[in-house]
Amino acid sequence: MAVITDENFSETMKHVKETKVMIELLKDMESRATEELENRTMEEDEIDVDDISELVEKFSMFEKKTFEIVRHQEIENKKVVYSVARSPNDGIITGDVTGFTVYTSNGKQVKSIPTVTAEPTCVICVRSYNQQIYVLCEELAFGRLRTMVVLNSVYGEINNFPVCGYHQVSQFAICNDKFYVADPMKKRLIVHSTNQRESAGKVLSEIKNDLFHTPAFLSLCPPGSLIISDPGAHKVYKLDCRTDKFTWVSTAVTEPGSVCCDQLFHVLVWCAVKRQIAVLSTDTGELRKWISLDAFGFPDQGHIIDMCLRENSLWAAALRDGLYKFDFA
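Section: unusual backbone geometry
Here P222 and P223 are connected by a cis peptide whose omega angle stands at 10 degrees. Looking at where P223 falls in the secondary structure, it is placed in the loop between β14 (217-221) and β15 (225-230). Located in the positive-phi region is D90, a residue other than glycine, with phi close to 65 degrees. Following the sequence through the fold, D90 ends up in the loop between β2 (81-86) and β3 (92-96). We classify D90 as partly exposed; its relative accessible area is 46%. Phi is positive for R275, which is not a glycine, with a value near 55 degrees. With respect to the helices and strands, R275 occurs in the loop between β19 (266-271) and β20 (276-281).

So this is what it looks like as structure tokens:
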């Protein structure tokens, strides 16, 4: 039996906490599996256990995932890149100073599409949802008015409507047929409807939190939540989009920036102070590890303004330093 000493006490306690998180995840899986079976009225041989099997498979992968970077690729270094997201066609789409650009999953540019607005704009945030693309455009002129443009999967415009303005980069995310726009100036999120049959962009509600300072960065956290990064408050929040109630608040990262999530219970957060990426548990917000980019070609003064995960790769929008792709083992 292993002996706990003063030297290994901290590491031992870390493993104990991680084990407790895994136990809670297993309990949650068991509870969901039991509920699934109890709610079934069909014959035993007709029970679909795909969802249960998927949960077990994800937990197994959760234990194994190390986020060890094995290679990197500088995709773009000649223009400012504000945002990056998965496209409806399984590629990557980015927002920049003139419009947005579509890439294959290997980083090959497919097309560059300028925004068509009354005033010159840049695309500061782009997201895809239900085979549609949502593009947040910001006027380059003084005043910083913002417009949300909704496109179909072949980049034709469906709708557009105004949203709250801000003098710096802030983002939006979409979940449960609602999209949430960060409004850091008023320390809140504005919730809009994605229903195109109703008034485009209809405001449904606003979400406030006494701890908010400058909530600016948002990411979908599957299956039904958002992660909110608040650099001014040095906090990261998880929001349940079914109830619009907060699940947890984490103080594990000082001056957190852009965020993204995978399907395996991980939250990735850019830390502007350490210039590294923190990996948090999606169930508790506890810190699991740090990812350093120093040995992989990322600029010394680089800053990640947006991130997304596609399969086993992390795509990073780095403002004036362009677009990067990091592949994990």
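What about the pairing of β3?
Along β3, 5 of the 5 residues are buried, which leaves the element largely enclosed by surrounding structure. Where burial is concerned, the two faces of β3 agree: the one with I92, T94 and D96 and the one with I93 and G95 are both buried. In this structure, β2 lies alongside β3, joined through 5 bridges in antiparallel fashion. For V84, the partnering residue across the bridge sits in β3 and is T94. Taken together, β2 and the strand that follows it, β3, pair antiparallel across an intervening segment of 5 residues, in which D90 is found at a positive phi of about 65 degrees. Bridge count for β3 against strand β4 (residues 99-103) is 4 bridges, and the pairing is antiparallel. Residue pairing in the sheet places I92 in a bridge with Y103 of β4.

Considerations on the sheet that holds strand β6 (residues 121-129)
If you walk across this open sheet you meet the 4 strands as β6-β7-β8-β9, and the pairing is antiparallel. Edge positions in the sheet fall to β6 and β9 (157-163), since each has one partner strand and no second. Looking at each pair of strands side by side, their axes are set apart by 20 degrees on average, direction ignored. By the bridge criterion, 8 bridges tie β6 to strand β7 (residues 132-139) in an arrangement that is antiparallel. The partner of V123 across the bridge, within β7, is C137.

Definitions and limits used
Residues numbered from 1 in each chain as written. Predicted model: local features only at pLDDT ≥ 70, side-chain atom pairs only at ≥ 80, totals over all residues. Heavy atoms only, no water. Helix = DSSP H or I, 4+ residues; strand = E, 2+ residues; numbered from the N terminus. Buried < 20%, exposed > 50% of the residue type's maximum accessible area, 1.4 Å probe, protein only. Pairing = 2+ DSSP bridges. Axes fitted to C-alpha atoms, helices over the stretch in contact; angles between N-to-C directions.

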